[in-house]
Amino acid sequence: MASNSTKSFLADAGYGEQELDANSALMELDKGLRSGKLGEQCEAVVRFPRLFQKYPFPILINSAFLKLADVFRVGMLGSLASIIPERKNAHHSIRQSLDSHDNVEVEAAVFAAANFSAQSKDFAVGICNKISEMIQGLATPVDLKLKLIPILQHMHHDAILASSARQLLQQLVSAYPSTKMVIVSLHTFTLLAASSLVDTPKQIQLLLQYLKNDPRKAVKKLAIQDLKLLANKTPHTWSKENIQALCECALQTPYDSLKLGMLSVLATLSGTIAVKHYFSIASGNVGSSPRSSDLVKLAQECCYHSNRGTAAHGVRVLTNIAVSCQEKDLLTLEQDAVFGLESLLVLCSQEDSPGAQATLKIALNCMVKLAKGRPHLSQSVVETLLTQLHSAQDTARILMCHCLAAIAMQLPVLGDGMLGDLVELYKVIGRSATDKQQELLVSLATVIFVASQKALSAEVKAVIKQQLESVSNGWTVYRIARQASRMGNHDMARELYQSLLTQVASEHFYFWLNSLKEFSQAEQCLTGLQEENYSSALSCIAESLKFYHKGIASLTAASTPLNPLSFQCEFVKLRIDLLQAFSQLICTCNSLKTSPPPAIATTIAMTLGNDLQRCGRISNQMKLSMEEFRSLASRYGDLYQASFDADSATLRNVELQQQSCLLISHAIEALILDPESASFQEYGSTGAAHADSEYERRMMSVYNHVLEEVESLNRKYTPVSYMHTACLCNAIISLLKVPLSFQRYFFQKLQSTSIKLALSPSPRNPAEPIAVQNNQQLALKVEGVVQHGSKPGLFRRIQSVCLNVSSTLQSKSGQDYKMPIDNVTNEMEQRVEPHNDYFSTQFLLNFAILGTHNITVESSVKDANGIVWKTGPRTTIFVKSLEDPYSQQIRLQQQQAQQPLQQQQQRNAYTRF
């Protein structure tokens, strides 16, 4: 009998074949929780997560948590603090439970008090005195005091509350000198100072005092840990005296572990503004030279230390000082940094241990920073890396390849010098098919692509393909092809994509690879462009468009409902439209020769009062071209706003395409349509020095060159002349000669963010309208859940959600009443902040006109920087506005009253007749 009841309970709860709605499933699980059998209670508890996944809406989740809290009492209440932070009955329950004689209940109350204090200012203010009395009370056990003290870290909601908590902690540190009490109190002290940003310099001094004077090693370690926390969070609050005191402690301590910890704090500070304060010249005093300071002395002592971590932090300090200090006489310090990096590189590249790899990463990051900040040292750094690359372990080689690629991206002049060594190394690696060897093949190929800058030579391509044919798998080939597409080596990418077409088992993968092959072939067609050869440019663009149209057909076939490839399709469509606009503009420029202005063009221009009409039909064509490029720029802007999950390099690529459209539009206006009012202030040279990639650097160079040419021709020649059309055509060719870069987001989505909306009321059938009377307002409730992938907030996070609700009249019913224009449509917008990825709001909508209305709810998001992103989704429901019964009754009565009068009028008319 019990077995049958259990089966019935599970089936009714929606976990068997029968599926119930949310409320019914919750009621059945509640029956299981209230069962007298422990097994059924446990089974009901473990079924709750599936219920949450199926119905992720706060009303149900709140109800479920309250039912669970009834089982687990106060401990579960603490977990609900973020959902019900201001619930007064919860506050009262926690205060009562703190006075309980049950130790389990008291511990649960302490946990709940900590969580509610972090969320609610009212609760923190009300509970602070209670916590203080319990901590200072003689009857409170020491173990309980140790659990109560961390609650004080949440008393940061206002300055008065933080000050009282700080005074209590100061008393505890002095009154209870035991190790455990000092450690807990000091750490709580630090967390309170970091959160409230009040008295942070005093906290730094207090920690330094304990670090210097307290003989206990555990207390010293805690002080170092907290100093590291404050160095990360508030480096600007560190004074020169604080850093000096920490340097003295590090120089004097005999313990390597403590020296390592203190050096890590100094390494963190050396990369911030604190190091500039340390070396600044105080008013009235002679500033300390970087060469003679204790910080440099400590770093020089440690950069050759036997402990790898200590040596790494020492080198990191020297590198940061060399990069941040602008003094000329830093030759010795720079040499120490380079020699220290070389020794670390040799030491760590021979080991595969995690510790050695972590140290190697620090050293390589310092090399990249040093090469960027001190370019005259970059050549020696690259030579060191290339020399060590031959003898290093595969794991270290991969990291060193990443470092070389980063340096070559920043300093392209070094690329040609390292290409020969890289190709020679590529010939001898990859003797096995291990994962490390495959990763090394990809990393080294990436460095070769970056170093080559232009098209790969036949020899380099032969070396890469030979290695890939011998030991690589299909995934490795795809990754290398993907890197070739990102670096603009489309010829190499096309061949690799072609080789993979027969190695995939899914037709969607086949169409995806085939589309990439066609896109690479399309971009390869543009490499034959030459300036002043406009007929050849038209044929190259036409050939490229042919392959692009083939590719977009394959790309559409590769999309699935779960992976619609919306960004990829829109990006390629924009590229096709841009190429067509370029081709049309070249044809328009050529029309000046094929269809010159008629003889009466000047007379027509004088008659119309438009001087541009003397140029003939080309003036109207140029105006259409300018509008087309502005439209393309707007579409690129829309694509940018829709790409919330894209990485910064992809967004910058989209932005560059948009700038190309605006550049040509501006050139048409400045040269032909309106040369008198054209301004070059906003299009000034931005410089290519700050470019993050070779593609961006080359595009910026083209922009500056085109602007210089346009400005030199502007107002010198009367439009339209062959000089103007040649300038426009050469600008197009210059833009297309830069190989297009397909960035990471085209291939890979590292961050995934989506919004799921639920509207109330909602019809049972989406096609059915919701009935509402025309004299009432519809209260539309919009709820939403923000869903994330495996890496939430990798590039940007949602700060607020903007909900836009609009309604339009689809069809009228009944009589055509004359209504004010305000009553015809609804247009509202609200901005809400998600709470634990949930948000909700309500709209009052008016439907005074009888008929069917279409309600559209569209969401967009704003990130922490205030940028608005059009992420969607877009949800639509239908509402049918019905006449209210009272108005309907009055109308019918009026109609009935009018009928006898109309009949009498008809009789009178017949009588007269």
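Conventions adopted
Residues numbered from 1 in each chain as written. Predicted model: local features only at pLDDT ≥ 70, side-chain atom pairs only at ≥ 80, totals over all residues. Heavy atoms only, no water. Helix = DSSP H or I, 4+ residues; strand = E, 2+ residues; numbered from the N terminus. Contact = heavy atoms within 4.5 Å. Salt bridge = Lys/Arg side-chain N within 4 Å of Asp/Glu carboxyl O. Buried < 20%, exposed > 50% of the residue type's maximum accessible area, 1.4 Å probe, protein only. Axes fitted to C-alpha atoms, helices over the stretch in contact; angles between N-to-C directions. Parallel < 35°, antiparallel > 145°, perpendicular 65-115°, else oblique. Left-handed = near helix turned anticlockwise from the far one by under 90°. Nonpolar A, V, L, I, M, F, W, Y, C, P; charged D, E, K, R; others polar. Phe/Tyr/Trp six-rings, centres within 6.5 Å; stacked < 30°, edge-to-face > 60°. Polar contact = N/O pair within 3.5 Å; in protein donor to acceptor, adjacent residues only side chain to side chain. Arc of directions from axis to C-beta. Patch = residues over 30% accessible without salt bridge, like charges linked within 9 Å, V, L, I, M, F, W, Y side chains within 5 Å. Areas by Shrake-Rupley, 256 points an atom, 1.4 Å probe, with all protein chains shown as cover. Lys, Arg positive; Asp, Glu negative; His and termini not counted. Charge placed at Lys NZ, Arg CZ, Asp CG, Glu CD. Pairing = 2+ DSSP bridges. pLDDT = per-residue confidence, 0-100. Core = buried A, V, L, I, M, F, W, Y, C linked by side-chain atoms within 4.5 Å.

### Observations concerning the overall build of the protein chain
Reasoning step 1: Of regular secondary structure, the protein chain possesses 37 helices and 9 strands.
Reasoning step 2: Look at the contacts in the protein chain between residues 6 or more apart in sequence, and 71% of them connect residues 24 or more apart.

### Some remarks on the pattern of salt bridges
Reasoning step 1: Counted by the stated rule, this structure contains 29 salt bridges.
Reasoning step 2: Notably, a salt bridge pairs Lys 427 with Glu 424, separated by 3.4 Å at the nearest N-O pair. One end of the pair, Lys 427, and the other, Glu 424, are both in helix 23 (residues 415-428), 3 residues apart, so they sit about a helical turn from each other.
Reasoning step 3: What makes Lys 427 partly exposed here is its relative accessible area of 34%.
Reasoning step 4: In this structure, Arg 479 and Glu 439 form a salt bridge, with 2.9 Å as the shortest nitrogen-oxygen distance. With Arg 479 in helix 26 (residues 474-487) and Glu 439 in helix 24 (residues 435-452), this pair connects stretches of sequence that are 40 residues apart.
Reasoning step 5: In this structure, a network of salt bridges that share partners links the residues Lys 461, Lys 465, Asp 491, Arg 494 and Glu 495.

### A word on the packing of helix 10 (residues 159-175) against helix 11 (residues 179-196)
Reasoning step 1: Where helix 10 contacts helix 11, the axes come no closer than 10 Å and their chain directions differ by 160 degrees. Between helix 10 and helix 11, the angle falls in the class roughly antiparallel. In the crossing of helix 10 with helix 11, the sense of the turn from one axis to the other is left-handed. Along its contact with helix 10, which presents Ala 162, Ala 165, Arg 166, Leu 169, Gln 170, Leu 172 and Val 173, the element helix 11 presents Ser 185, Thr 188, Phe 189, Leu 192, Ala 193 and Ser 196.
Reasoning step 2: Among the residues making up the contact of helix 10 with helix 11, the classes are represented as 8 nonpolar, 4 polar and 1 charged.

### Some words on the packing of aromatic side chains
Reasoning step 1: Considering all chains together, one arrives at 19 aromatic pairs under this definition.
Reasoning step 2: Ring centres of Tyr 510 and Phe 511 lie 5.6 Å apart, and the angle between their planes is 70 degrees; this geometry places the pair in the edge-to-face category.
Reasoning step 3: Exposure remark for Tyr 510: the relative accessible area of 34% places this residue in the partly exposed category.
Reasoning step 4: Given the relative accessible area of 26%, Phe 511 is considered partly exposed.
Reasoning step 5: Where Phe 567 meets Tyr 745, the ring centres are 4.8 Å apart and the plane angle is 65 degrees; that geometry is what we call edge-to-face. Within this pair, whereas Phe 567 is found in helix 30 (residues 566-594), its partner Tyr 745 is found in helix 36 (residues 744-747), the two being separated by 178 residues in sequence. Both residues of the pair, Phe 567 and Tyr 745, belong to the buried class.
Reasoning step 6: Taken together, the ring pairs in this structure connect Trp 512, Phe 519, Tyr 548, Phe 567, Phe 571, Phe 742, Tyr 745, Phe 746 and Phe 747 into an aromatic cluster.

### A short note on the side chain of Ser 120
Reasoning step 1: Within the element layout of this structure, Ser 120 appears in the loop between helix 7 (103-119) and helix 8 (121-136).
Reasoning step 2: Engagement of the side chain of Ser 120 in a polar contact is seen with the side chain of Glu 86, the distance being 3.1 Å.
Reasoning step 3: Among all residues touching Ser 120, those that are not within four sequence positions of it are Pro 85, Glu 86, His 91 and His 157.

### Some thoughts on helix 17 (residues 294-302)
Reasoning step 1: For helix 17, the complete set of buried residues consists of Leu 295, Val 296, Leu 298, Ala 299 and Cys 302. Buried residues of helix 17, seen end-on, are gathered within an arc of 160 degrees and therefore sit on one face of the element.

### A closer look at a negative patch on the surface
Reasoning step 1: A contiguous patch of negative charge on the surface is contributed by Glu 531, Glu 532, Glu 708, Glu 709 and Glu 711.
Reasoning step 2: Classification of Glu 532 as exposed rests on a relative accessible area of 54%.

### Comments concerning the sheet that holds strand 1 (residues 753-760)
Reasoning step 1: The strand order 1-3-6 describes an open sheet built from 3 strands, whose pairing is antiparallel. Single-partner strands in this sheet number two, and they are strand 1 and strand 6 (838-846). This sheet shows a mean twist of 25 degrees between the axes of neighbouring strands, independent of strand direction.
Reasoning step 2: Bridge analysis of strand 3 (residues 777-788) against strand 6 gives 9 bridges, and the strand direction is antiparallel. By the bridge assignment, Leu 778 is partnered in strand 6 with Leu 845.

### Remarks on the pairing of strand 7 (residues 851-863)
Reasoning step 1: Burial analysis of strand 7 places 10 of its 13 residues in the buried class, the great majority of the element.
Reasoning step 2: Here 13 bridges tie strand 4 (residues 798-812) to strand 7, and the two strands are oriented antiparallel to one another. Across the sheet, the residue bridging to Thr 808 is Asn 854, located in strand 7.
Reasoning step 3: By the bridge criterion, 8 bridges tie strand 7 to strand 9 (residues 874-882) in an arrangement that is antiparallel. Considered in strand 9, the bridge of Thr 856 is made with Thr 876.
Reasoning step 4: Sheet topology places strand 7 next to strand 8 (residues 868-869); 2 bridges connect them, and they run antiparallel.

### Details of the confidence of the model for the protein chain
Reasoning step 1: Considering every residue of the protein chain, the mean pLDDT works out to 85; 88% of them sit at 70 or more.
Reasoning step 2: Within the protein chain, helix 1 (residues 2-15) has the poorest average pLDDT of any element, 39, and helix 28 (residues 507-525) the best, 96.
Reasoning step 3: Confidence drops under pLDDT 50 across residues 1-19; counting only partners more than four residues distant or on other chains, this segment forms 29 contacts.
Reasoning step 4: Between residues 685-689, whose pLDDT stays under 50, and residues either more than four places distant or in other chains, the model counts 7 contacts.

### Description of the nonpolar core
Reasoning step 1: Counting residues in hydrophobic clusters, the biggest one holds 261 residues, and the most contacted among them are Trp 238 and Tyr 426.
Reasoning step 2: Residue contacts for Trp 238: discarding those within four places in its chain leaves Ile 204, Leu 227, Leu 230, Ala 231, Ile 243, Leu 246, Val 265, Leu 269, Ala 274 and His 277.
Reasoning step 3: Residues Leu 26, Leu 29, Phe 52 and Leu 68 belong to the second largest nonpolar core, which totals 14 residues.

### Remarks on unusual backbone geometry
Reasoning step 1: Geometrically, the link from Ser 760 to Pro 761 is a cis peptide bond, its omega value of 0 degrees lying close to zero.
Reasoning step 2: Structurally, Pro 761 is set in the loop between strand 1 and strand 2 (770-773).
Reasoning step 3: Along the chain, Gly 872 connects to Pro 873 via a cis peptide bond; the corresponding omega equals 5 degrees.
Reasoning step 4: Within the element layout of this structure, Pro 873 appears in the loop between strand 8 and strand 9.
Reasoning step 5: Positive phi, close to 70 degrees, is recorded for Glu 532, a residue that is not glycine.
Reasoning step 6: Tracing the backbone shows Glu 532 in the loop between helix 28 and helix 29 (534-558).

### Focus: the environment of Ser 520
Reasoning step 1: Along the chain, Ser 520 falls in helix 28.
Reasoning step 2: For Ser 520, a relative accessible area of 1% puts it in the buried group.
Reasoning step 3: Ser 520 sits 23 residues away from Tyr 497 along the chain, and the two C-alpha atoms are 8.9 Å apart.
Reasoning step 4: Setting aside anything within four residues of it in sequence, one finds Ser 520 in contact with Ser 485, His 490, Ala 493, Arg 494 and Tyr 497.

### Digging into the packing of helix 11 against helix 12 (residues 200-213)
Reasoning step 1: The contact between helix 11 and helix 12 brings their axes to 9 Å, and the two run at 155 degrees. Between helix 11 and helix 12, the crossing angle belongs to the class labelled roughly antiparallel. Regarding helix 11 and helix 12, the two cross each other, and that crossing is left-handed. Here helix 11 contributes Val 182, Leu 186, Phe 189, Thr 190 and Ala 193 to the contact with helix 12, which in turn contributes Thr 200, Gln 203, Leu 206, Leu 207 and Tyr 210.
Reasoning step 2: Residue classes in the contact of helix 11 with helix 12 are distributed as 7 nonpolar, 3 polar and no charged.

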